[in-house]
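As a plain string of letters, each chain reads:
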Amino acid sequence: MIDHKLNTRGIEPQGPIVGIDLGTTNSLIGIYDGGFSIIFANSEGSRLTPSVVSYSEELAPLIGHVAERQALLYPEKTIISVKRLMGQRIGDPQCAGRNHLYGKSGDPLKIKLGDKLVTPEEVSAEILKELKSIAEERLGVSVSRAIITVPAYFNDAQRQATRRAGELAGFCVERIISEPTAAALAYGLDKLKDQSKIAVYDFGGGTFDLSILKLDHGLFEVLSTCGDTNLGGDTMDQALMELLLGKLALKNSLDLKSLTRLHQIVRSAKEELSYNEEIILRLPFLHHRASEEVTLTRRELEDIALPIIERTRSLCLRALADAELEAQDLDEVILVGGATRMPVVRSFVEQLFCKPPNLTQHPDEAVVMGALLQGAILQGNLENLTLLDITPLSLGIETFGGLMNVIIPRNTTIPTKAGELFTNARTDQNKMKITLLQGERELAKDNWKLGELELSFTPARKGEARVGVQFSIDANGILEVLARDITSGEEKIIELAHAIDVSDEAVEAMISDSLEHAFEDRDARLFTEAKLQAEEMLPAVENALRELHSLLSSDMQNALRARMDDVRLALKQEELTSLKKGLQELDQATQGLATLLVEKAMHELD
């Protein structure tokens, strides 16, 4: 198997392990040292470094607060919320409405900032370099090892993109862990002797996740996770901007500089209204107009925010169902992410989970706290904690008939490894194309194609070849697939970088689709299985009738052919119930044929 440690571009893993929350809006870095969790402040004295990068023609990129200020002057050279673009391609829903994007539809996207073309990974690497510099300045030593957090519902392509960004920044990325899992780890540090079930409601700048974990005397196990990687504080900001543009009668008429300025005003207004019932926004010279003042109330904000928050309800209920729990079974609900400071969010969570949320964790810092604790666990500085994560969607391969054969089911604890043996569909077949799938649908065509590999094997009669397929998911949630011919020992391995080239929106839609189409999917699988059985049985019965023609009465032959016609008609009409009944009756009608075939063969030998 491939050792993931070899994928760090020659970086030697040594020294302290830092924890990093690479956020949509802000990023943080810290370390666990001497029994203390320490989050480092940047040069402006803030532990939050804005995830903003501004490029210039001659100077090094600007990151953080200074880049935010540059955005007002040079919005065409500045990028915010780049995390939403990680692992994306041109044309994906995450790209809608975004400026600076460059490339043809379906291509990995690039971002045009001034005269530079950069990838989302390269932009994120600049943020990570800044965090690395902050840590090294505070510690006085070189830092090259990191734990980086991602939303629980980041798919494999997004996780791989995050890992590449870390490597570009000079890190050996020891682990990629889910943000809600990290937050639960931070919550449980002083509760190592407890047994409890925890829900982490993580409403960040660009993503939403709900994860349910079980804490059992220092063992953290993720029971389920559900989320939407296109839902977060940015969604509210956009809705609030639409409201203000409507008030100012400026819809579709602002230039990029004015829009950037308004976006910063809106973000500050959202935060202020968490603590004030009403504020006055001073809007300076938008679109060549005089400076204006607009009154905004918390009620107005909540009216536009509540439908967005309401979108999290079904995701929370699905996570509870996957964990086989009711809301009242939970001991705590932890809030993570800046948006959870809003009173309307806290009220919604209390109503949904039938208990007030636990507010002991800092919503901006809980994730990085968990990441640095995971670093301490890896270094042996915290020996009483163990963290077990899960895979959010099923993994498998396409089998004969176009069916999805699941090898690793959804919500399996990772790291994990599982495999199955498969055989050849035709006599003298000498190779097998293995299509790798992810998803929850019964038919292969309805799931996501991750990739494929082709394996040659020793030719054999139908059903006699043996090919083993093994799926392995490491602690980062990154997948590796091995296929081996059991007879010759020949094998192939594929490591899935860029594994899921589909939109983030489709990630959460996959489970919704599987529930919506559950009954028709089940019937489609049952029909396909019955069809394969019929396609084997009908030629076998035809051959038996030819061989035993002289031994069978006309009535028996006619009865058998009638049963065969019933099966053929059901196949043509694609009617499952009739097909299953026809196969059962044909099977019963042919019970005596096997005995006659054996007797005939023995007679011919004599």
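Residues numbered from 1 in each chain as written. Predicted model: local features only at pLDDT ≥ 70, side-chain atom pairs only at ≥ 80, totals over all residues. Heavy atoms only, no water.

1. Some remarks on the nonpolar core
Soluble globular proteins tend to pack their nonpolar side chains together in the buried interior. Y201, F203, L210, I212, I309 and F353 are the most contacted members of the largest nonpolar core, which totals 48 residues. Per-element accounting of this core gives the leading share, eight residues, to helix α7 (residues 298–322). Those residues in contact with I212 that lie beyond four places of it in its chain are I198, A199, E221, V222, L223, S224, A319, L320, A323, L325 and L330. Residues I90, I148, A161 and A165 belong to the second largest nonpolar core, which totals 36 residues. (Core = buried A, V, L, I, M, F, W, Y, C linked by side-chain atoms within 4.5 Å. Buried < 20%, exposed > 50% of the residue type's maximum accessible area, 1.4 Å probe, protein only. Helix = DSSP H or I, 4+ residues; strand = E, 2+ residues; numbered from the N terminus. Contact = heavy atoms within 4.5 Å.)

2. Let's talk about the sheet that holds strand β10 (residues 116–118)
On the basis of which strands lie adjacent, the open sheet formed by three strands has the order β8-β9-β10 and antiparallel pairing. The two strands at the open ends of the sheet, each matched to only one other strand, are β8 (101–102) and β10. Judged from the three bridges that link them, strand β9 (residues 110–113) and β10 form a sheet pairing that is antiparallel. Note that in β10 the partner of L113 across the bridge is K116. In the packing of helix α2 (residues 120–139) onto the sheet, the strands contacted are β9 and β10, and the crossing angle to β10 comes to about 90°. (Pairing = 2+ DSSP bridges. Axes fitted to C-alpha atoms, helices over the stretch in contact; angles between N-to-C directions.)

3. Concerning the packing of helix α4 (residues 179–188) against helix α9 (residues 366–378)
Running from amino to carboxyl end, α4 crosses α9 at an angle of 80°, the nearest separation of the two axes being 7 Å. Considering their axes alone, α4 and α9 lie roughly perpendicular with respect to each other. Contacts between α4 and α9 involve E179, A182, A183, L185 and A186 from the first element and A366, V367, M369, G370, A371, L373, Q374 and I377 from the second. A breakdown of the residues in the contact of α4 with α9 according to their chemical character gives ten nonpolar, two polar and one charged. (Parallel < 35°, antiparallel > 145°, perpendicular 65-115°, else oblique. Nonpolar A, V, L, I, M, F, W, Y, C, P; charged D, E, K, R; others polar.)

4. Observations regarding the pattern of salt bridges
Tallying each qualifying case throughout the model produces 28 salt bridges. Between R47 and E365 there is a salt bridge whose closest N-O contact spans 2.8 Å. Of this pair, R47 sits in the loop between β3 (36–39) and β4 (49–50) while E365 is found in the loop between α8 (343–353) and α9, placing the two residues 318 residues apart along the sequence. For R47, a relative accessible area of 39% puts it in the partly exposed group. A salt bridge links R341 to D364, with the nearest nitrogen and oxygen atoms 2.7 Å apart. With R341 in the loop between β18 (332–336) and α8 and D364 in the loop between α8 and α9, the pair connects residues that are 23 residues apart, well separated along the chain. On the basis of relative accessible area, R341 is assigned to the partly exposed category, the value being 24%. When its relative accessible area of 17% is taken as the criterion, D364 is described as buried. Residues joined by salt bridges that share partners form a network here, namely D234, D237, R267 and K270. (Salt bridge = Lys/Arg side-chain N within 4 Å of Asp/Glu carboxyl O.)

5. Points about helix α6 (residues 256–272)
Residues spaced three or four apart along an α-helix face the same direction, because each turn holds 3.6 residues. With 17 residues, α6 extends 24 Å from end C-alpha to end C-alpha; this agrees with the ideal 24 Å at 1.5 Å per step. Along α6, the residues classified as buried are S258, T260, L262, H263, I265, V266, R267, A269 and K270. If you follow the buried residues of α6, they end up packed against α1 (65–73), β7 (78–80), α5 (233–247), β16 (278–283), β17 (292–297) and α7. (Expected span 1.5 Å × (residues − 1).)

6. A few points about the confidence of the model for the protein chain
Close reading of the predicted structure is inappropriate where its pLDDT is low. Within the protein chain, residue pLDDT values average 82, and 85% of them lie at 70 or more. In this model, residues 1–12 is a region of pLDDT below 50 whose contacts with residues beyond four sequence positions or in other chains number 28 contacts. (pLDDT = per-residue confidence, 0-100.)

7. Some words on the side chain of T78
With respect to the helices and strands, T78 occurs in strand β7. Here S54 takes part through its side chain, which lies 2.9 Å from a polar atom of the side chain of T78. Excluding its chain neighbours within four sequence positions, the residues that come into contact with T78 are V52, V53, S54, A67, Q70, A71, H100 and L113. (Polar contact = N/O pair within 3.5 Å; in protein donor to acceptor, adjacent residues only side chain to side chain.)

8. Concerning unusual backbone geometry
Phi at S81 takes a positive value of approximately 50°, unusual for a residue other than glycine. By secondary structure assignment, the location of S81 is in the loop between β7 and β8. Judged by relative accessible area, S81 falls into the buried class, the value being 5%. One non-glycine residue with positive phi stands out, namely E324, at about 60°. Structurally, E324 is set in the loop between α7 and β18.

9. Some remarks on the sheet that holds β7
On the basis of which strands lie adjacent, the open sheet formed by three strands has the order β6-β5-β7 and antiparallel pairing. Each edge of the open sheet is held by one strand with a lone partner, namely β6 (62–63) and β7. Here strand β5 (residues 52–54) pairs with β6 via two bridges, running antiparallel. Paired with V53 across the strands is I63, a residue of β6.

10. Points about the packing of aromatic side chains
In the structure shown here, the tally under the stated rule is three aromatic pairs. Each member of the aromatic cluster is reached from another via a ring pair, and the members are Y201, F203 and F208. When the ring centre of F171 is taken as origin, the NZ or CZ atom of K132, which lies over that ring, is 6.0 Å away. (Phe/Tyr/Trp six-rings, centres within 6.5 Å; stacked < 30°, edge-to-face > 60°. Lys NZ or Arg CZ within 6 Å of the ring centre and 35° of its normal.)

11. Some thoughts on a negative patch on the surface
Among the surface-exposed residues, D194, E326, D329 and D331 lie close enough to one another that they form a single negatively charged patch. For D331, the position within the fold is in the loop between α7 and β18. Here D331 falls in the partly exposed class, since its relative accessible area comes to 41%. (Patch = residues over 30% accessible without salt bridge, like charges linked within 9 Å, V, L, I, M, F, W, Y side chains within 5 Å. Areas by Shrake-Rupley, 256 points an atom, 1.4 Å probe, with all protein chains shown as cover. Lys, Arg positive; Asp, Glu negative; His and termini not counted. Charge placed at Lys NZ, Arg CZ, Asp CG, Glu CD.)

12. Comments concerning the environment of L128
The residue L128 is located in helix α2 in this model. Looking at L128, the relative accessible area reads 0%, which means it is buried. Spatially, the C-alpha atoms of L128 and L28 are 9.4 Å apart, while their sequence positions differ by 100 residues. In this structure, L128 is in contact with I20, L22, I148, A165, G166, A169 and F171, ignoring residues within four places of it in sequence.

13. Quick word on the environment of D322
With respect to the helices and strands, the residue D322 is situated in helix α7. The partly exposed category is assigned to D322, whose relative accessible area is 25%. Along the primary structure D322 and L223 are separated by 99 residues, whereas in three dimensions their C-alpha atoms are 7.7 Å apart.

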